Amino acid sequence: MIGIRRKSRFDRGFDIINTFLLVLSLLVVLYPLYFILIASVSDATSIASGKVILLPQNVSFIGYQRILEDQRIWTGYGNSILYTVASTAIGVIATVMAGYSFSRKDLAGRKVLISLYIFTMYFSGGLIPTYLVVKQLGLIGSPWTVILLGSVSVYNIIIARSFFASSIPPELFEAASIDGCGNGRFFISIVVPLSKSIIAVLALYYAVAQWNGYFNALVYLNKQQHYPLQMVLREILIGSQSIQADVADVDAIQEMQRIAATVRYGVIVVASVPMLMLYPLVQKYFVKGVMIGSVKG
Amino acid sequence: MKKAMTLVLALALSISLVLPALAADVELPITPEMETFTIMIDKEDMSQNGWSEKECVAFTEKQTNIHIEWIEVPHSGWKERVNLTFASGDLPDAIIGSGVDVVSNMDSLIALNEYVDRSAPNILQMFSDIPEMRGALTLSDGQFYSLPIGDADTKNEVNTEMWINQSWMDKLGLNMPTNIDEFHDILVAFRDQDPNGNGLKDEIPLLASASSGAANIDRLFGFFGTLDTDEHVRVENDQVIFTPAENTYFQALQWIHQLYSEGLINQEYFTEDYQQFLAKGNAETCIAGVALEWYIDNIILGSYVPDYTYMPLFDGPNGVTYWAREKMPQGTLNGFVITSACKNPEALVRWYDYINSDLDILNLWNYGPENLIWRYLDDGRWELFTDNVPEGSSSSQIRRTMGTGPRAPLYAYFRFRGPDVEKYADRITGKVEANQSYLKFAPAQAITSGFGLVDEEAERNMLLVDIDNYLTQFKANAIVNGITEEAWQKHIQTLSTLQIDEYTALWQSFYDAHK
């Protein structure tokens, strides 16, 4: 009772409006996600005619069945996990090492090097020169292209550098070197253990980018068994939408047209689940790491 | 379905023991030693395996001694990849699939005349079966650089017909229309007299949608003796005419606006997407009186399909009705090209020739092994059938997994399919009859498919972009809001600023070159 009495009318009004706005914005963000979820288990005619609003209508799992039955999806999952793990490992290792080096004021040619890095953020050769480079490296058609191409981002290096510059004081290295610690030992035994939050954030950034990426795969891969999940899902989605009036079974065609919408939402769920599962694991580092990284310079 | 697919595979394997007979007039193997070529293909989204796993590929390799390294490009990246290939000069030996700009990449391709004339009896037979084919393939230098691919089924010469609900007409005591006024009255009756008997005014007298090329109402312009095709031109007495400037086009617009404003045309015609359009046709209660589609079962729920029949065309108020047919010759003319990277083009030409040498091998590619989804009948014809299609799959998918589907080095024209050699499925007979009936209304002269001059094609396409942008807006506005005489005069002026005279002249020169 005391608590309530202490609040002025203004405070109470403020609280009500505040809560209302927060709940509203939560709903605005949450509803599309929720809609995808219920649409993916509803029957397609109800979706198209706008009947699916709050609850799934005519619940059916045919969309998921169609997606998960496809032989391609498991190789796609396997490839995507492989590409994501490999490319994230490469990306995080390179980024942390580069970011740390740039954070050290005693790095020779630091200014020049960092300008060169930043230059690549604004200017790139474009698709055809990149294609030619990949070709001359002999990587066309190889899964390594997908893993290596774009596995390190300069933007992330800058985030890492800011983190190291603000959280690893130079005095730490002076103290360690008095005890006889060299650069390598200092980096591995002191810097890396102190940087778990930025490593988690970088890993999430790289993993999400690689997981959602399909363009490199689209342009450089030559074999279906190398396709990552996103491309497989894309094929299933388009394959389920296209009308192939060239064959005898009309029922199957209609069936396919009908479930196309359900498949579309199912595909979104299937593609997002692994990343959604990863997020809670790194969430506690996320806020911290990003905030520190956001202080540039 | 994994189990089902395994079943299909096992079935396919057992069937494959009965191998197709060899074509008589093809010398095999093509190369004495095994030779390897790389070929880039436009992979079908429905194909569940890679091309090297397909039986037709293995069989053909054994017969011809030609081994192919496939570059499988996903369909969504196809155009980009093809352009990249030519821009970077990183060329495979051959490219199969549509989208190769033969005219502007002529220098990177190999002219095929010599090889075809010397050692490709089946291609030569195709040229004599389809007399206009050779001319259509030939570029301005008198050589041809590509071979056609795809299904060229005669029943698809008219892509879209009008399908009318016969059982509604019987119920309301109506007869097939013989002029546009009767047609209008039928639509009104469909709108007002509740033919589906549910007490609601939910009928859509004319179901069409701008979201689908096949369901487009542009065809209705034909009742007034004009046409609105993708190119916006038609040909009469060897003269190319730009149709959106014709007075008959104005008449047609007014008529279509009348239908639209009276609620006779699907009121969401311009706004809905394809899924919403499908949902209308697939609704549990039948609501479509007349529908524009490739075939009625593409849009209407299966149980209502028998209610429909094609609506025979009739001459319009100007004494003539036109209904556009597909461009002839059918098929993807730039489908198969051999690039300058190829060391032995003759071998690849003969490889294509072999695949097109008889029905056994052609269908092994196009539909997979015999007796899986296609089989021979006792009378020597063949048919597609669905007995082996497992639950949850479709013939389309099996066709593209066990075979290649039509995006392959094959050209299935009337020698291999169509009424003379193929028994159509019962569901298709309606389409075949409709196609025959509508073909009579196709204009006698039309733009054919083929290749123009580099500069002319580029110029024409550039002009078309602006013309298209303007016309889409203009038409939608005229149909929804109506059009006055002044608005039409303004339209004519706008068209002249869009350089329609130049545009038409470019088509005229194309037409003259291919006549």
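Nothing here was measured: the structure is a model prediction, and the numbers come from that model.

**Let's talk about the confidence of the model for chain B**
In the predicted model, chain B carries a mean pLDDT of 89, and 95% of its residues have values of at least 70. In this model, residues 13-24 of chain B is a region of pLDDT below 50 whose contacts with residues beyond four sequence positions or in other chains number 18 contacts.

**Quick notes on the interface of chain A and chain B**
At the interface, 46 residues of chain A touch 51 residues of chain B. Interface of chain A and chain B: buried area, both sides summed, is about 4,300 Å²; carbon and sulfur atoms make up 52% of it. Counting across the interface, chain A meets chain B through one salt bridge. Note that Lys43 of chain B is salt-bridged to Glu235 of chain A, the shortest N-O span being 3.0 Å. At the surface where chain A touches chain B, the tally comes to 15 residue pairs in polar contact (both at pLDDT 80 or more). For the side of chain A that touches chain B, the element with the most residues is helix 15 (residues 250-294) of chain A, which contributes ten residues. Residue composition of the side of chain A that touches chain B, by class: 24 nonpolar, ten polar and twelve charged.

**Overview of the packing of aromatic side chains**
Overall, the coordinates contain 47 aromatic pairs over all chains when judged by the stated rule. Centre to centre, the rings of Phe163 of chain A and Phe164 of chain A are 5.6 Å apart; their planes meet at 80 degrees, and the pair counts as edge-to-face. Both residues of the pair, Phe163 of chain A and Phe164 of chain A, belong to the buried class. Centroid distance Tyr470 of chain B to Phe474 of chain B: 5.7 Å. Interplanar angle 20 degrees. Geometry classified as stacked. In this pair, Tyr470 of chain B and Phe474 of chain B are both assigned in helix 15 (residues 454-481), four residues apart and thus about one turn of the helix distant. One exposure class covers both Tyr470 of chain B and Phe474 of chain B, and it is buried. Directly above the ring of Tyr265 of chain A sits Arg264 of chain A, whose terminal nitrogen or CZ lies 5.9 Å from the centroid. The ring of Trp507 of chain B has Arg460 of chain B lying over it, and the distance from NZ or CZ to the ring centre is 3.7 Å.

**Some words on the domain arrangement of chain B**
Residue and element names in this part refer to chain B. Splitting chain B by domain gives domain 1 (2-154 + 330-424) and domain 2 (161-324 + 452-514). Computed from C-alpha coordinates alone, the two centres of domain 1 and domain 2 are separated by 35 Å. Tallying the contact residues gives five residues for domain 1 and five residues for domain 2. Where domain 1 abuts domain 2, roughly 360 Å² becomes buried across the two surfaces, and 67% of that area is made up of carbon and sulfur atoms. Counting across the domain 1 and domain 2 interface gives zero salt bridges. In this assembly, domain 1 and domain 2 are joined by zero residue pairs in polar contact (both at pLDDT 80 or more). Looking at the side of domain 1 that touches domain 2 residue by residue, the classes come out as two nonpolar, three polar and no charged.

**Some points on helix 10 (residues 274-281) of chain B**
By the criterion of burial, helix 10 of chain B is predominantly enclosed, with seven of the eight residues buried. The complete set of buried residues in helix 10 of chain B reads Tyr274, Gln275, Phe277, Leu278, Ala279, Lys280 and Gly281 of chain B.

**Details of a negative patch on the surface**
On the surface, a cluster of negative charge is contributed by Asp455, Glu459, Asp501 and Glu502 of chain B. Every element with two or more residues in the negative patch is listed here: helix 15 and helix 17 (500-514) of chain B.

**Section: the sheet that holds strand 4 (residues 146-151) of chain B**
All names here are of chain B. One open sheet accounts for six strands, arranged 2-1-3-11-4-14; its pairing is mixed. A single partner strand is all that each edge strand has here, and the edge strands are strand 2 (66-74) and strand 14 (411-412). Bridge count between strand 1 (residues 35-43) and strand 2: nine bridges; the pairing is parallel. Within strand 2, the position partnered with Thr38 by the bridge is Glu69. On top of the sheet, helix 11 (residues 345-355) reaches strand 1, strand 2, strand 3 (94-96), strand 4, strand 11 (332-338) and strand 14; it is set at about 140 degrees to strand 11, its chief contact.

**Observations regarding the pattern of salt bridges**
Residues and elements named next belong to chain B. Following the criterion strictly, the structure yields 30 salt bridges over all chains and no others. The partner of Arg234 in a salt bridge is Glu236, with the nearest N and O atoms 2.5 Å apart. In this structure Arg234 comes out as buried when scored by relative accessible area, which is 8%. Among the charged side chains, a salt-bridge network with shared partners connects Asp151, Asp153, Lys155, Arg399, Arg417 and Glu422.

**Examining a nonpolar patch on the surface**
Residue and element names in this part refer to chain A. A surface patch of nonpolar side chains, amounting to about 610 Å² of accessible area, comprises Ile17, Phe20, Leu21, Leu24, Val28 and Val29. Note on placement: Leu21 falls in helix 2 (residues 9-40). Residue Leu21 is classed as partly exposed on the basis of its relative accessible area of 49%.

**Observations regarding the sheet that holds strand 6 (residues 204-207) of chain B**
All names here are of chain B. The strand order 6-9-5-10 describes an open sheet built from four strands, whose pairing is mixed. Every interior strand has two partners, whereas the edge strands, strand 6 and strand 10 (308-310), have only one. Looking at each pair of strands side by side, their axes are set apart by 20 degrees on average, direction ignored. Two elements, strand 6 and strand 9 (residues 288-293), share three bridges in a ladder whose sense is parallel. Counterpart to Leu207 in the pairing with strand 9 is Ala291. Of the strands in this sheet, strand 6 and strand 9 are in contact with helix 10, which crosses strand 6 at around 135 degrees.

**Description of the pairing of strand 11 of chain B**
Residue and element names in this part refer to chain B. The element strand 11 is extensively covered by neighbouring structure, given that six of its seven residues are classed as buried. Pairing analysis gives three bridges linking strand 3 to strand 11, with the strands arranged antiparallel. Across the sheet, Ile95 pairs through a bridge with Val337, a residue of strand 11. Alignment of strand 4 against strand 11, held across three bridges, turns out to be antiparallel. When the sheet's bridge partners are listed, Leu147 is paired in strand 11 with Phe336.

**Considerations on the packing of helix 2 (residues 55-64) of chain B against helix 11 of chain B**
Residues and elements named next belong to chain B. Between helix 2 and helix 11, the shortest axis-to-axis distance is 11 Å and the interhelical angle comes to 120 degrees. When the axis of helix 2 is compared with that of helix 11, the two are oblique. Pair helix 2 / helix 11 crosses with right-handed handedness. Taking contact as the criterion, the partners of Phe59, Thr60, Gln63 and Thr64 in helix 2 are, on helix 11, Trp351, Tyr354 and Ile355.

**A few points about the nonpolar core**
In a soluble, globular protein the nonpolar side chains are often hidden away together inside. Residue and element names in this part refer to chain B. Counting 84 residues, the largest nonpolar core has Met162, Ile217, Phe223, Leu253, Trp255 and Ile296 as the members making the most contacts within it. With residues near it in sequence (within four places) discarded, Phe223 still touches Met162, Ile180, Trp255, Leu313, Phe314, Gly316, Pro317, Val320 and Thr321. Core analysis: the next-biggest nonpolar cluster, separate from the first, contains 78 residues, Ile39, Ile338, Leu372 and Ala408 among them.

Rules used in this analysis
Residues numbered from 1 in each chain as written. Chains lettered and ligands numbered in written order. Predicted model: local features only at pLDDT ≥ 70, side-chain atom pairs only at ≥ 80, totals over all residues. Heavy atoms only, no water. pLDDT = per-residue confidence, 0-100. Contact = heavy atoms within 4.5 Å. Buried area = accessible area lost by both parts, 1.4 Å probe. Salt bridge = Lys/Arg side-chain N within 4 Å of Asp/Glu carboxyl O. Polar contact = N/O pair within 3.5 Å; in protein donor to acceptor, adjacent residues only side chain to side chain. Helix = DSSP H or I, 4+ residues; strand = E, 2+ residues; numbered from the N terminus. Nonpolar A, V, L, I, M, F, W, Y, C, P; charged D, E, K, R; others polar. Phe/Tyr/Trp six-rings, centres within 6.5 Å; stacked < 30°, edge-to-face > 60°. Buried < 20%, exposed > 50% of the residue type's maximum accessible area, 1.4 Å probe, protein only. Lys NZ or Arg CZ within 6 Å of the ring centre and 35° of its normal. Domains from an automatic or database assignment. Patch = residues over 30% accessible without salt bridge, like charges linked within 9 Å, V, L, I, M, F, W, Y side chains within 5 Å. Areas by Shrake-Rupley, 256 points an atom, 1.4 Å probe, with all protein chains shown as cover. Lys, Arg positive; Asp, Glu negative; His and termini not counted. Charge placed at Lys NZ, Arg CZ, Asp CG, Glu CD. Pairing = 2+ DSSP bridges. Axes fitted to C-alpha atoms, helices over the stretch in contact; angles between N-to-C directions. Parallel < 35°, antiparallel > 145°, perpendicular 65-115°, else oblique. Left-handed = near helix turned anticlockwise from the far one by under 90°. Core = buried A, V, L, I, M, F, W, Y, C linked by side-chain atoms within 4.5 Å.

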